[in-house]
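Listed below are the residues making up each chain.
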Amino acid sequence: MDRIAEMKGIGGAPFRKREQASFSTKLFVLTRRSFVNMHRDIGYYWMRLGVYLGIGICLGTIFYQVGHSYSSIQARCEVIMYTTALLTFMAIGGFPSFVEDVKVFRRERLSGHYGVAEFVISNTLSATPYLAVIAVIPGAMLYYLTGLTKGPDRFAYFVVNLCMCTLLVESMMMIIAVIVPDFLMGIIVGAGVQGVMMLNGGFFRLPNELPKPVWKYPCYYISFHKYAVQGFYKNEFIGQTFPSDQLVEKNVTISGLRVLQEKLQVEMGYSKWVNIAILCGMMVLYRVMFFAIVKIAEEVRPKLRGMRCKLCK
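Residues numbered from 1 in each chain as written. Predicted model: local features only at pLDDT ≥ 70, side-chain atom pairs only at ≥ 80, totals over all residues. Heavy atoms only, no water.

Chemist: In this structure, what is going on with the overall build of the protein chain? I would like to understand it.
Modeler: On a plain count of helices and strands, the protein chain comes out with 11 helices and six strands. With 313 residues in all, the protein chain has 45% of them scored as buried. Within the protein chain, contacts between residues separated by at least 24 positions form 73% of all contacts whose residues are at least 6 apart in sequence. Summed over all atoms, the accessible surface of the protein chain reaches about 16000 Å², with 67% contributed by carbon and sulfur. (Helix = DSSP H or I, 4+ residues; strand = E, 2+ residues; numbered from the N terminus. Buried < 20%, exposed > 50% of the residue type's maximum accessible area, 1.4 Å probe, protein only. Contact = heavy atoms within 4.5 Å. Areas by Shrake-Rupley, 256 points an atom, 1.4 Å probe, with all protein chains shown as cover.)

Chemist: Sorry, what's going on with the pattern of salt bridges here?
Modeler: Close approach of charged atoms allows side chains of opposite charge to pair. In the structure shown here, the tally under the stated rule is six salt bridges. Here Glu-108 and Arg-33 are joined by a salt bridge, their closest N and O atoms 2.8 Å apart. Residue Glu-108 is found in helix H4 (residues 95-110), and its partner Arg-33 is found in helix H1 (residues 23-40); the two are separated by 75 residues along the sequence. The buried category is assigned to Glu-108, whose relative accessible area is 18%. On the basis of relative accessibility, which here comes to 33%, the residue Arg-33 falls in the partly exposed class. One salt bridge connects Glu-262 with Arg-258, and the closest N-O pair in it is separated by 3.1 Å. Highlighted residues: Glu-262 and Arg-258, both in helix H10 (residues 256-263), separated by four residues, approximately one helical turn. Of the residues examined, Glu-262 reaches a relative accessible area of 54% and is grouped as exposed. Given the relative accessible area of 33%, Arg-258 is considered partly exposed. (Salt bridge = Lys/Arg side-chain N within 4 Å of Asp/Glu carboxyl O.)

Chemist: Looking at this structure, I do not really get the nonpolar core. What am I missing?
Modeler: Generally speaking, a soluble globular protein has its nonpolar side chains buried in company with each other. One finds Phe-224, Tyr-233, Phe-237, Leu-264, Leu-279 and Phe-290 to be the most contacted residues of the largest nonpolar core, which totals 77 residues. The greatest single-element share of this core, amounting to 17 residues, is contributed by helix H6 (residues 152-179). Discounting residues that sit within four places of it in the chain, Leu-279 has contacts with Asn-161, Met-164, Cys-165, Leu-168, Phe-224, Tyr-227 and Ala-228. (Core = buried A, V, L, I, M, F, W, Y, C linked by side-chain atoms within 4.5 Å.)

Chemist: Sorry if this is basic, but what is going on with a nonpolar patch on the surface here?
Modeler: Judged by side-chain polarity, Ile-42, Trp-46, Met-47 and Val-51 come together as a nonpolar surface patch covering roughly 390 Å² of accessible area. Among the structural elements, Met-47 can be located in helix H2 (residues 42-62). A relative accessible area of 52% means that Met-47 is categorised as exposed. (Patch = residues over 30% accessible without salt bridge, like charges linked within 9 Å, V, L, I, M, F, W, Y side chains within 5 Å.)

Chemist: Sorry, what's going on with the packing of aromatic side chains here?
Modeler: Pairs of aromatic rings are described using the distance from one ring centre to the other and the angle between the two planes. Per the counting criterion, the structure on display carries 16 aromatic pairs. When the centroid spacing of 5.9 Å and the interplanar angle of 40° are considered together, the rings of Phe-105 and Tyr-114 count as tilted. Given a relative accessible area of 2%, Tyr-114 falls into the buried group. Chaining the aromatic ring pairs together yields one cluster made of Tyr-143, Tyr-144, Phe-155, Phe-158 and Phe-232. Over the ring of Tyr-157 we find Lys-272, and its NZ or CZ is 4.9 Å from the ring centre. (Phe/Tyr/Trp six-rings, centres within 6.5 Å; stacked < 30°, edge-to-face > 60°. Lys NZ or Arg CZ within 6 Å of the ring centre and 35° of its normal.)

Chemist: Help me out: how do you make sense of the confidence of the model for the protein chain in this one?
Modeler: Note: predicted coordinates in regions of low pLDDT should not be interpreted at a detailed level. When pLDDT is averaged along the protein chain, the result is 85; 89% of the residues meet or exceed 70. Confidence, expressed as mean pLDDT per element, reaches its minimum in the protein chain at strand S1 (residues 2-8) with 45 and its maximum at helix H9 (residues 224-237) with 95. Note on residues 2-17: pLDDT under 50 across the span, and 27 contacts to partners over four residues away in sequence or across chains. (pLDDT = per-residue confidence, 0-100.)

Chemist: Sorry, what's going on with the packing of H4 against H6 here?
Modeler: Between two packed helices, both the angle of their axes relative to each other and the distance between the axes serve to describe the pair. Between H4 and H6, the shortest axis-to-axis distance is 9 Å and the interhelical angle comes to 55°. When the interaxial angle is binned, H4 and H6 end up oblique. The way H4 lies across H6 gives a crossing that is right-handed. When H4 is examined against H6, the residues Phe-95, Phe-98, Val-99, Val-102 and Arg-106 are found in contact with a partner set consisting of Glu-170, Met-173, Met-174, Ile-176, Ala-177 and Val-178. (Axes fitted to C-alpha atoms, helices over the stretch in contact; angles between N-to-C directions. Parallel < 35°, antiparallel > 145°, perpendicular 65-115°, else oblique. Left-handed = near helix turned anticlockwise from the far one by under 90°.)

Chemist: Explain H6 to me, please; I cannot follow it from the model alone.
Modeler: An α-helical segment advances 3.6 residues per turn. Residues three or four places apart therefore align on the same side. End to end, H6 covers 41 Å across 28 residues, agreeing with the expected 40 Å (1.5 Å per residue, within 8%). Of all 28 residues in H6, 23 are buried, a share of seventy percent or more. (Expected span 1.5 Å × (residues − 1).)

Chemist: I keep staring at the packing of H6 against H9 and nothing clicks. Help me out?
Modeler: H9 packs onto H6 with a crossing angle of 175° between their chain directions and a minimal axis gap of 10 Å. Here H9 runs roughly antiparallel to H6, going by the angle between their axes. Mapping the contact onto sequence places Arg-154, Tyr-157, Phe-158, Asn-161, Leu-162, Cys-165, Leu-168 and Val-169 in H6 and Phe-224, Ala-228, Gly-231, Phe-232, Lys-234, Asn-235 and Glu-236 in H9. Grouping the amino acids of the contact of H6 with H9 by side-chain chemistry returns nine nonpolar, three polar and three charged. (Nonpolar A, V, L, I, M, F, W, Y, C, P; charged D, E, K, R; others polar.)

Chemist: Would you mind going over the environment of Ile-254 with me for this structure?
Modeler: For Ile-254, the location among the structural elements is in strand S6 (residues 253-255). What makes Ile-254 buried here is its relative accessible area of 12%. In this structure, Ile-254 is in contact with Ile-73, Gln-240, Thr-241, Phe-242, Pro-243, Ser-244 and Val-259, ignoring residues within four places of it in sequence.

In structure tokens form, the structure reads like this:
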């Protein structure tokens, strides 16, 4: 990260001065190194891709071609929720890699090679292509096996939403990796946090049925599942029509808009792309939180060591 330059000192005697590399150089080197490490790490990428493909095949064959009957409304909702829950939940598989990255960063940070900003940005840039592949390939299999609403624009939204969810969960797990550096404890904490968010995502209990203290305010609104699932719902049901429940109304159709408003209680005051923007904002917020926690830890850790030394004396 550093380069050595020869300068002339007093009396013309040469001496060597250590020059810091530029921010862009550090960022490029760190991004390339992280990208190569991720490619070599079987557990971080290749095994996760295999598991995602397996989950995609399982969901795709269980919900194979759900059709357009009244019962397909519930089946489509289940496909969307399981996709959001399972494929994002598997992001905890990359936790050991996050812990190792943080350990390497702390060692190299002590030598002054680079700062927190370069580490956070390079990690984001290097991970994004892998997470995009993980989202696109299993997402495409799942999407067309289940027979969700056809159309290149709808499929593109499905993949972008899924990719954004994966990036968001990775950002959340990085925060946990800094706070809880132990592998087992970190995975348990990460799974617990995602489990609570999942329960408040608006699928297992409709939004109006959630208890208002704590579970709806604030848990429902800080759960990324809410925005991901509602974006998927809008993408799937807007513009569609389904036959109504024949036991209640015969020879009557129900619009996708009515399904969203009455059956699923989706907030229709904004478009599905706003849901993507909210997820993107949450992902950026988590990365900023990670940056802030690492910076605070850098300042607090030396003070704690000094206090321990004083106590030992």
